[in-house]
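The residues making up each chain are set out below.
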Amino acid sequence: MAKRIGRNDPCWCGSRKKYKVCHEDFDRRIEVIRNQGHPVPTRNMIKNPEQIQKIRESAKVNIECLDVVADKICSGMSTSDIDRIVDEVCEKYHAIPAPLNYEGFPKSVCTSINDAVCHGIPSSKEFLHDGDIINVDCSTILDGYFSDSSRMFMIGNVSDEAKKLVEVVKESVYLGLEEVKPWGFLGDMGQAVHDHCTKNGYSVVREIGGHGVGIEFHEEPWVSYCTKRGTDILMVPGMMFTIEPMVNMGGPEVFVDEENGWTVYTEDGSLSAQWELQVLVTEDGHEIISY
Ligand code: MF3
Ligand code: CO
């Protein structure tokens, strides 16, 4: 049990403000909701303003990586060309691509084409073709702080079906985002994402989700998009996590490539799409940190 903080002591969040003007009311409010039986965030899930500012700086680099990819991506390019773009932008800011060497991941970015759900490994032997859809998932470490977001790109002439999948998944992420506000529940976001995707005939991958992020690459909470309104963890100001549903045109089942141990594919070979935002819960709603 932590020692009780005096009202005039520095707040536990590291803001250097007095507890009574910082998180005292907040702690009381959380306690009420905990007593109603809801899971509530622990203190290590709450970022202070200085940390948030550092994470925003990291995200600027992450956003630039994806902006440059967006500008250059085209048919005929290899996925290792995308990896090189990410390396170059990171180098410019003395940033580190977070995936590189992460649990043995060999490249700087994930590139997942068509039926690849996530964690595709860039290769100089894999080329983008007209009609492909690809997710580029970028994560950056700047001065020790983490940012993480991903976007879909459509290469050349993409079928109407594939285009619709990509657009619906993007819409679902922004519908989920609208539900991100303090004193709501993570399941409010999860259900908004899930409903929009399933209403359009798609399925949401259950076993892989989002995560807290900022101080580390993957923090609590784990973020599902198969949850119900009013359930899952309470959202409070200072929490930061990703909204990154993986959505399949066919069934929700997936498998991991046995050869590389990383790349996840749809079991039925159907197309899969994913968009990822990094969001902060603020006092009055949310802020997009990386996109
Ligand atoms: N943004 C992805 C995630 O949060 C990046 C994974 S990096 C990898 O899971 F190294 F694990 F592939
Ligand atoms: Co992520």
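K.L.:
Looking at this structure, I do not really get the sheet that holds strand β6 (residues 203-204). What am I missing?
P.N.:
Backbone hydrogen bonds are what pair the strands of a sheet, in a parallel or an antiparallel way. Strands sit in the order β6-β10-β13 across an open sheet of three strands; the sheet is antiparallel. The open sheet has two free edges, formed respectively by β6 and β13 (272-274), since each of these has just one partner strand. Bridge count between strand β10 (residues 246-248) and β13: three bridges; the pairing is antiparallel. Counted as the bridge partner of Val 247 is Ala 273 from β13. With respect to the sheet, helix α4 (residues 160-178) is in contact with β10 and β13, its orientation differing from that of β13 by roughly 35 degrees.

K.L.:
Teacher, can you tell me more about the pairing of strand β8 (residues 219-223) here?
P.N.:
Note on strand geometry: in a regular strand, side chains alternate between the two faces of the sheet. Bridge count between strand β7 (residues 210-212) and β8: three bridges; the pairing is antiparallel. Within the sheet, the bridge partner assigned to His 211 lies in β8 and is Trp 222. Hairpin connection of β7 to β8: six residues between the antiparallel strands, including Gly 214 at a positive phi of 140 degrees.

K.L.:
Sorry, what's going on with the side chain of Glu 219 here?
P.N.:
Along the polypeptide, Glu 219 turns up in strand β8. A residue is classified by how much of its surface remains accessible, and Glu 219, at 14% relative accessible area, is buried. A distance of 2.7 Å separates a polar side-chain atom of Glu 219 from the backbone nitrogen of Glu 216. If near-sequence neighbours (up to four positions away) are discounted, Glu 219 is found in contact with Lys 47, His 211, Gly 212, Val 213 and Gly 214.

K.L.:
What is the right way to read the pattern of salt bridges from this model?
P.N.:
In the structure shown here, the tally under the stated rule is 16 salt bridges. Where Glu 287 meets Arg 56, a salt bridge forms, and the shortest distance between an N and an O atom there is 2.7 Å. On the criterion of sequence distance, the pair formed by Glu 287 in strand β15 (residues 286-290) and Arg 56 in helix α2 (residues 49-72) is long-range, its members being 231 residues apart. Note on Arg 56: relative accessible area 27%, which makes it partly exposed. Three or more residues joined by partner-sharing salt bridges are found here, namely Arg 7, Glu 24, Asp 25 and Arg 28.

K.L.:
Looking at this structure, I do not really get a nonpolar patch on the surface. What am I missing?
P.N.:
A contiguous nonpolar surface patch, about 250 Å² in accessible area, is contributed by Tyr 174, Ile 288 and Tyr 291. Assignment of secondary structure puts Ile 288 in strand β15.

K.L.:
Would you mind going over the site of ligand 1 with me for this structure?
P.N.:
Within the structure, ligand 1 sits among 14 residues, and Asp 137, Asp 148, His 211, His 218 and Trp 262 are positioned closest to it. Residue Asp 137 places a side-chain N or O atom 2.8 Å away from a nitrogen atom belonging to ligand 1. His 211 places a polar side-chain atom, nitrogen or oxygen, 2.9 Å from an oxygen atom of ligand 1. Look at ligand 1: alone it shows 330 Å² of surface, and the protein chains cover 94% of it. Of the residues that constitute the shell around ligand 1, the class distribution is six nonpolar, four polar and four charged.

K.L.:
Even after reading the chapter, I still don't get the coordination of the cobalt ion (ligand 2), so can you show me in this structure?
P.N.:
Octahedral six-donor coordination of a metal ideally yields angles of 90 or 180 degrees, compared with 109.5 degrees for tetrahedral four-donor coordination. Of the protein atoms, only Asp 148 (OD), His 211 (NE2), Glu 244 (OE) and Glu 276 (OE) coordinate the cobalt ion (ligand 2), at distances of 2.1 to 2.5 Å. Asp 148 gets classed as buried once you look at its relative accessible area, which sits at 3%. Given a relative accessible area of 4%, Glu 244 falls into the buried group.

The rules we used
Residues numbered from 1 in each chain as written. Chains lettered and ligands numbered in written order. Predicted model: local features only at pLDDT ≥ 70, side-chain atom pairs only at ≥ 80, totals over all residues. Heavy atoms only, no water. Pairing = 2+ DSSP bridges. Helix = DSSP H or I, 4+ residues; strand = E, 2+ residues; numbered from the N terminus. Contact = heavy atoms within 4.5 Å. Axes fitted to C-alpha atoms, helices over the stretch in contact; angles between N-to-C directions. Buried < 20%, exposed > 50% of the residue type's maximum accessible area, 1.4 Å probe, protein only. Polar contact = N/O pair within 3.5 Å; in protein donor to acceptor, adjacent residues only side chain to side chain. Salt bridge = Lys/Arg side-chain N within 4 Å of Asp/Glu carboxyl O. Patch = residues over 30% accessible without salt bridge, like charges linked within 9 Å, V, L, I, M, F, W, Y side chains within 5 Å. Areas by Shrake-Rupley, 256 points an atom, 1.4 Å probe, with all protein chains shown as cover. Near = heavy atom within 4 Å. Nonpolar A, V, L, I, M, F, W, Y, C, P; charged D, E, K, R; others polar. Donors = N, O, S within 2.8 Å, 3.2 Å for Na, K, Ca; no water.

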